[in-house]
Amino acid sequence: MQNKNTADETSSGLVTRCFVFLKPMRWSRRRRTNCLCALTVVGLILGFSGEARAGAFIFAEQNGVDIITHPKGYTGVGGNRIVTVGINPASPNAASMEVSVRNIVRTFNRLTPTTGNLLFGANNNIPPGQIDFESVALHEVGHCLGMAHPNLATESNLPDADQNYTKTTVGTDGVYNLNPGVDGVKGSGDDQRGDDVNLHWFRKSNNNPFTIATKVDSTTYSRNLADLPPGHSFAANGDRDVSTLLGVPNTEAVMQQGTFFDEDQRRLAADDVATLFYAMSGLDEIAGTADDYTLTLSYAGLTASADVVLSFNDAETSFAVCKVNGLFINSRHIRITTANAFFNTGFSWFFNNVLDLDAKVPVDFDGDIKSDIAIYRDGLWFIIRSSDGGQTTVGWGGAAQDIPVPKDYDGDGKADVAVYRDGLWFIVRSSDGGQTTVGWGGAAQDKPVAADYDGDGKADVAVYRDGLWFIIRSSDGGVTTVGWGGAAEDIPVPRDYDGDGKADVAVYRDGLWFIVRSSDGGQTTVGWGGAPQDKPVAADYDGDGKADV
C-alpha cells in the first residue's frame, strides 16, 4: 500500500535529504550555493540489517546500508524497463531545455563509461560565468533513477573541506572519522575512516572507480571493506582529485556532488555506469539471471505525465532538487514510484542547443560521431574509418536481393552492418559481434525504412508498404502502424525533421515533402525539388539537430 507521508510519520514514511552545491569558481571548492535534493520513501519502512553487497544508492543511509534502489516500474521481474522523461510544459525555459533533456536520454541509454568527462574553457560551448543546464540535469536525472552521491556531500553537514570523503554513515561512536591517509587525497583508497560504515559499492579487484568490470554484480562489486584489494583501507570514490591521483585527470563521476561555472560534464563516468548496472543485476544481485533488467529512457516531450519530469520552479529549490518517492520491493530493494527534478530560475543557465551527434549520424561505424565513407558491393562492406583513416572490410550479405540497411540497432553509438532480404533482417551487432535475425516485411513492394521512431537510441526495424508504415518499436517490442503516403511515386524519407529525437514518418513526391511531426502529430509540407531526376537526400546539414530537406 502506498501512502503520502510527511517527515513526522516515521513509522510508515521517511524523508531523507541530500544537498547539491554549485561551485562558482572553477577548481575551487570554497564558495558554493547550496540546493536541496529531497529524496522521499513512501510506503512501509522496515528496520533491518544485512550483510554487505558500484556507487551509492538513494534511500540507503536511512533505510538500511545495503539498500539497492531501482527505477520506476521494476518489481523484481526481468525485462526492459522503459522510463519516460518529460519537461513540464508550464515550466519557464521549457523549450530551451529540450535539446539538453534529449541528450541526457541518449547519454543514459548508451551507458558508456568515459574518462576526461570534465571540459572547461575553449573545450566546451559554455560562455564564461554560466552554469551548464545539461550537466546539472544529468546529475539530477541520475537521482531520479536511484543513484546517490558517492561522496559525503552536504547532507553530512560537515565543513566543505571534508565533503569529498567517500559516502558513509557514522559508526557506533556517532561521529565521522576523517583521515585522508598518506596520499592526502580525500576519498581515495588509503583513507582511514575508523568505524564509519561504508555506503559506496566498489570494484573488488582494484577499488578504482574510473574502471568498470565486464560483469557488474555482487561477484565483482561490494560494499564490504573486507573485500578491498590488498593495501587499501577504504572505498575510493569518483572525485576529480582521486582521478588525478589514479592517472585519469579531468574525470569525475556525474553523481559526485557539485558543479562549477563554465563546466561541461555531459558524459557518464565508470562509477555512474557501474551503479546502474549493479541495480540491473536484479534482486539476487547476480547478472545473467531471470530477474535482470535493462533500462531504456524515452523522451516523452513537453508533458507533466512522464515517469521523470523536469521543470523550473523557484518554490521547490534554491538551485536544483530531485524529489523521489519509492516503495520497498523486499527488505533490501526499493523501486522509485515518482520522480521530479526542479531548478531555480535565479541563475545564469546555459542551455545547450547542440543535439547529441549520435542521433544525427546514421552511418557512424566507428563511433567517433562522424559519418564514415563506405560502400556495399556484392556482400562486402568497404569502410573508411573517420577516426583514424584506416579501412575496414566486412563480409555480410551478398544475395542479389539484399538491401544494405546500416543503422545503430543495439544502441552502442555505432552503426551495425545489416542487410534486408525478402522480409528478413540480418544484423551484425557492433556491441558484441553477435548476429540478430528479425523477420519483418516480405511483401514484394516492401521497402525497409529502419530509423529510431521511438527515441530510445536504437534503430527500429520497419517497412513501408503502399502508404503503410509497419514499425517494431525497439523500446518495448510493440508494433506501430502508420498510414502516410501511398502514391505510386512516393519515396519514404524518415528523418528527425522536428528535432525531438524521434524519426518522423515522411514521403517525397515529385518535389513535395510530406512530413508527420512526431513531436505533436502535426503535418508539414515543403516544396523542394521536382525535376524528374531529383533524389531526396534529407540530412542534418547545418548541425541544429533537425533534418534538412
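What counts, and at which threshold
Residues numbered from 1 in each chain as written. Predicted model: local features only at pLDDT ≥ 70, side-chain atom pairs only at ≥ 80, totals over all residues. Heavy atoms only, no water. pLDDT = per-residue confidence, 0-100. Contact = heavy atoms within 4.5 Å. Core = buried A, V, L, I, M, F, W, Y, C linked by side-chain atoms within 4.5 Å. Buried < 20%, exposed > 50% of the residue type's maximum accessible area, 1.4 Å probe, protein only. Helix = DSSP H or I, 4+ residues; strand = E, 2+ residues; numbered from the N terminus. Pairing = 2+ DSSP bridges. Phe/Tyr/Trp six-rings, centres within 6.5 Å; stacked < 30°, edge-to-face > 60°. Lys NZ or Arg CZ within 6 Å of the ring centre and 35° of its normal. Disulfide = S-S within 2.5 Å. Polar contact = N/O pair within 3.5 Å; in protein donor to acceptor, adjacent residues only side chain to side chain.

### Structural notes on the confidence of the model for the protein
Turning to step 1, where the next piece is worked out: Confidence in the prediction of the protein, expressed as mean pLDDT, is 86, and 88% of residues score 70 or more.
Turning to step 2, where the next piece is worked out: Note on residues 1–53: pLDDT is under 50 here. Beyond four places in sequence and across chains, it has 184 contacts.
Turning to step 3, where the next piece is worked out: Note on residues 357–361: pLDDT under 50 across the span, and 13 contacts to partners over four residues away in sequence or across chains.

### What about the nonpolar core?
Turning to step 1, where the next piece is worked out: Counting 62 residues, the largest nonpolar core has Phe108, Phe133, Leu297, Leu310, Phe343 and Trp349 as the members making the most contacts within it.
Turning to step 2, where the next piece is worked out: If you list the elements that add at least two residues to this core, you get strand S4 (79–87), helix H2 (94–110), helix H3 (133–144), helix H5 (270–280), strand S13 (293–302), strand S14 (308–312), strand S15 (320–328) and strand S16 (333–343).
Turning to step 3, where the next piece is worked out: With residues near it in sequence (within four places) discarded, Leu297 still touches Val83, Val85, Val105, Phe108, Asn109, Val141, Leu145, Gly455 and Asp456.
Turning to step 4, where the next piece is worked out: Formed by 13 residues, the second largest nonpolar core is a distinct cluster that contains Val449, Ala451, Tyr453 and Ile471.

### A word on the sheet that holds strand S25 (residues 447–448)
Turning to step 1, where the next piece is worked out: Across the sheet, which stays open at both edges, the four strands sit in the order S25-S26-S27-S28 with antiparallel pairing between neighbours. Each having just a single partner strand, S25 and strand S28 (479–483) make up the two edges of the open sheet.
Turning to step 2, where the next piece is worked out: Pairing of S25 with strand S26 (residues 462–465) involves two bridges; the strand directions are antiparallel. Bridging from a neighbouring strand, Pro448 pairs with Val463 of S26.

### Concerning the pairing of strand S32 (residues 523–527)
Consecutive residues of a regular strand have side chains that alternate between opposite faces of the sheet.
Turning to step 1, where the next piece is worked out: S32 sits mainly on the outside: zero of its five residues count as buried.
Turning to step 2, where the next piece is worked out: Pairing between strand S31 (residues 512–516) and S32: five bridges, direction antiparallel. Paired with Trp513 across the two strands is Val526, which belongs to S32.
Turning to step 3, where the next piece is worked out: Between S31 and S32, which pair antiparallel in sequence order, lie six residues; one of them, Gly521, sits at a positive phi of approximately 80 degrees.

### Quick word on the packing of aromatic side chains
Turning to step 1, where the next piece is worked out: If you walk through the whole model with that rule in mind, you get 19 aromatic pairs.
Turning to step 2, where the next piece is worked out: Grouped by ring-pair contacts, the aromatic residues Phe133, Phe312, Phe319, Phe343, Phe347, Trp349 and Phe351 constitute a single cluster.
Turning to step 3, where the next piece is worked out: Over the ring of Phe234 we find Arg193; its NZ or CZ atom is 5.0 Å from the centre of that ring.

### Some points on the state of the cysteines
Turning to step 1, where the next piece is worked out: Per the stated rule, a full pass over the model turns up zero disulfides.
Turning to step 2, where the next piece is worked out: Free of any disulfide, Cys144 has its nearest cysteine sulfur in Cys322, 3.6 Å distant.
Turning to step 3, where the next piece is worked out: According to the relative accessible area criterion, Cys322 is buried, its value standing at 0%.

### Examining the side chain of Asn352
Turning to step 1, where the next piece is worked out: Turning to its location among the elements, Asn352 is positioned in the loop between strand S17 (349–350) and strand S18 (373–377).
Turning to step 2, where the next piece is worked out: For Asn352, a relative accessible area of 3% puts it in the buried group.
Turning to step 3, where the next piece is worked out: Here the side chain of Asn352 touches Val354 through a polar contact of 3.1 Å, landing on its backbone nitrogen.
Turning to step 4, where the next piece is worked out: Contact partners of Asn352, with chain neighbours within four places excluded, come to Val99, Ser100, Asn103, Asn125, Glu134 and Arg266.

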